[in-house]
Amino acid sequence: MTTAPAKAGWRFRQPSVIPGFGLTLGFSLAYLTLIILIPLSGLVWRSASLGWTDFWAIATDRRTVKALEISFGTAFIAAAVNVVFGTIVAWVLVRYRFPGRRVIDAMVDLPFALPTAVAGIALTTLYSPKGWMGSLLAPLGIKVAYTPLGIVIALIFIGLPFVVRTVQPIIEEIDKEVEEAAATLGANRFQTIFRVLFPGLAPAVITGFALAFARGVGEYGSVIFIAGNLPYISEIAPLLIVIRLEEYDYAAATAIATIMLALSFLMLLIINLIQSRTRKRYG
Amino acid sequence: MADPELYPADAYHEHASLAVTERPLARAGLMFVAFAFLAIFLLLPLVVVFEQAFSRGIGAFLEAINEHDTIAAIKLTLLVAVISVPLNLVFGVAAAWAIAKFEFKGKAFLTTLIDLPFSVSPVISGLVYVLLFGASSLLGPWLKMHGIVILFAVPGIVLATVFVTFPFVARELIPLMQEQGTGDEEAALSLGANGWQTFWHVTLPNIKWGLLYGVLLCNARAMGEFGAVSVVSGHIRGMTNTMPLHVEILYNEYNAVGAFAVASVLAGLALVTLVLKTLLELRYGAEIAATRGH
């Protein structure tokens, strides 16, 4: 429990009377390195040692490309659906008063708490041709279970709380005066919502979209049951990693994982940029 | 605390005029859309789990739970949670102490790194350990020579779970402790308390509800993790099958009652988690800090 002596000039840290900096930071860094950084850099290193031609061959393999397309495509659609309905849910929860509001509010976190495998088999049973939803949709010619549509359904379930929980606090913070000012200046309610309130909500909505999308791209447990897992049609990228691993094709598993990681980080980067732009514009 | 006037939303309700709220018809429409969406996407799956679990009566349910491999899966899940949650608890407190109580270079970067596991697919979280400890890795032959088994055994499952649940405690505590500042600790130290006394008697009481909140979320994920654990477990029945993996095996064997019986136990656990979480938020909202959501 010694405090490192404060050095003059460039300082790694500001002086403080609180003890334990070395101990807690040292432990945190050691734990972080052992559990997260070494294993993750192991993945990148293995991928780099593949060599460019091998890596490119795996990356451009039709099954890999299709799986990545399916993962990113379905996650995008699901996140877009969640943006619309999640914002409505957040709005209703914040602005309206009705009996059972707290229970419904708590329910929104169910996808965080419910194990993904449980969600997976429940959704599959629900949307199979004999299930409660499936039997309703079947006469309309809509097949959900064992199709890409099933993947979207599972990812809507998984992603919903990300949007609601990001947008909800921002709606709570909206200043009533802004709306009143808009109304006084002659805006109707529709104009107030779309031209005054929504621009302020945009950064939160984009963040919620990004979180739901990122989670959806990597999601495995809830999807594999309902997807049917047909190569080129409903096989997601995480499943293809598992399949390659089971075939002891470590090179392919590593390469696909690296591509997924790179794409996810790229996406988060782009969304961060969009976010800082919208923030600048709307303050 | 419970004064409704403090909540702006209630003020809207009390003094609602058409200028700052929607027309009744629009309200009803929005509420209908929200409720229908939540009912279809959240409530129905939950109801199906219990409906299927008890579809052949309570006897069949109890029989499915009492099965030897199911009990082994429940025990393994508890064991994994009992090891991995305290590990991440200690890390979370240490990291939050360093990040919240001190100013140092690279702090923002460290905070970002802590959140890293959330943006990694669970399957990749498992894969990294397979690459690290697998037979074809650098460490593989050495581990084999010394008879150390990590993959397809409990240590691998624990590691994958620790990876996936890594940020939960830290990300609850960091904003909370940052908000609380260092005043209380400085007072305790100036009155002659040593570092540990300050932590146990001053800091810990301040953060206990936030800590419990983080542990609750961490535990729920630890017990329910599927993808990462699936990759490192090897799926040996009665040996390396956690509850979520056992659900998968039973389901793929067309044993719907068995699968949903185990699933309903997990769903029950999720509901208990949600109730405790909501109670904590209602009762100690201020002490958990405004860090809702992910």
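Residues numbered from 1 in each chain as written. Chains lettered and ligands numbered in written order. Predicted model: local features only at pLDDT ≥ 70, side-chain atom pairs only at ≥ 80, totals over all residues. Heavy atoms only, no water.

### Quick word on the UniProt feature "transmembrane region" (unreviewed entry) in chain A
Then comes step 1: With numbering matched to this structure, UniProt assigns "transmembrane region" (unreviewed entry) to residues 21–45, 70–94, 106–126, 146–164, 196–214 and 250–274 of chain A.
Then comes step 2: In this annotation, residues 146–164 of chain A is assigned 89% helix and 0% strand; the end-to-end C-alpha distance for the span is 28 Å. (UniProt positions renumbered as here; feature names shortened; annotations may be inferred. Helix = DSSP H or I, 4+ residues; strand = E, 2+ residues; numbered from the N terminus.)

### Here we look at the pattern of salt bridges
Then comes step 1: Evaluation of the coordinates by the stated rule reveals 19 salt bridges over all chains.
Then comes step 2: E179 of chain A serves as the salt-bridge partner of R189 of chain A, at 3.0 Å between the closest nitrogen and oxygen. With R189 of chain A in helix 10 (residues 189–218) and E179 of chain A in helix 9 (residues 176–184), this pair connects stretches of sequence that are ten residues apart. Both residues of the pair, R189 of chain A and E179 of chain A, belong to the buried class.
Then comes step 3: One continuous salt-bridge network, built from bridges that share partners, spans D105, D109 and R165 of chain A together with K277 and E281 of chain B. (Salt bridge = Lys/Arg side-chain N within 4 Å of Asp/Glu carboxyl O. Buried < 20%, exposed > 50% of the residue type's maximum accessible area, 1.4 Å probe, protein only.)

### Quick notes on the interface of chain B and chain A
Then comes step 1: The interface is formed by 96 residues belonging to chain B together with 100 residues belonging to chain A.
Then comes step 2: Joining chain B to chain A, the criterion identifies two salt bridges.
Then comes step 3: With a closest N to O distance of 2.3 Å, D109 of chain A and K277 of chain B form a salt bridge.
Then comes step 4: The tally of links from chain B across to chain A stands at 13 residue pairs in polar contact (both at pLDDT 80 or more).
Then comes step 5: In terms of residue class, the side of chain B that touches chain A is made up of 68 nonpolar, 16 polar and twelve charged. (Contact = heavy atoms within 4.5 Å. Polar contact = N/O pair within 3.5 Å; in protein donor to acceptor, adjacent residues only side chain to side chain. Nonpolar A, V, L, I, M, F, W, Y, C, P; charged D, E, K, R; others polar.)

### As for the nonpolar core
Within soluble globular proteins, side chains that are nonpolar generally end up buried alongside one another.
Then comes step 1: Counting 189 residues, the largest nonpolar core has L114, Y127 and I241 of chain A together with I114, I124 and L173 of chain B as its most contacted members.
Then comes step 2: By residue number, the principal contributor to this core is helix 3 (residues 62–95) of chain A, which donates 15 residues.
Then comes step 3: Counting contributing residues per domain, this core is built from domain 1 (19–48) and domain 2 (51–282) of chain A, each supplying no fewer than three.
Then comes step 4: In contact with Y127 of chain A, not counting residues within four places along its chain, are M133, G134, L137, V144, A145, I153 and I226 of chain A together with I40 and F41 of chain B. (Core = buried A, V, L, I, M, F, W, Y, C linked by side-chain atoms within 4.5 Å. Domains from an automatic or database assignment.)

### Here we look at the environment of T87 of chain A
All names here are of chain A.
Then comes step 1: Relative to the assigned elements, T87 resides in helix 3.
Then comes step 2: Overall, the relative accessible area of 12% leaves T87 in the buried class.
Then comes step 3: Through-space distance from the C-alpha of T87 to that of A204 is 9.9 Å; in sequence the pair is 117 residues apart.
Then comes step 4: Residues in contact with T87, not counting those within four places in the same chain, are N82, V163, V167, I171 and V205.

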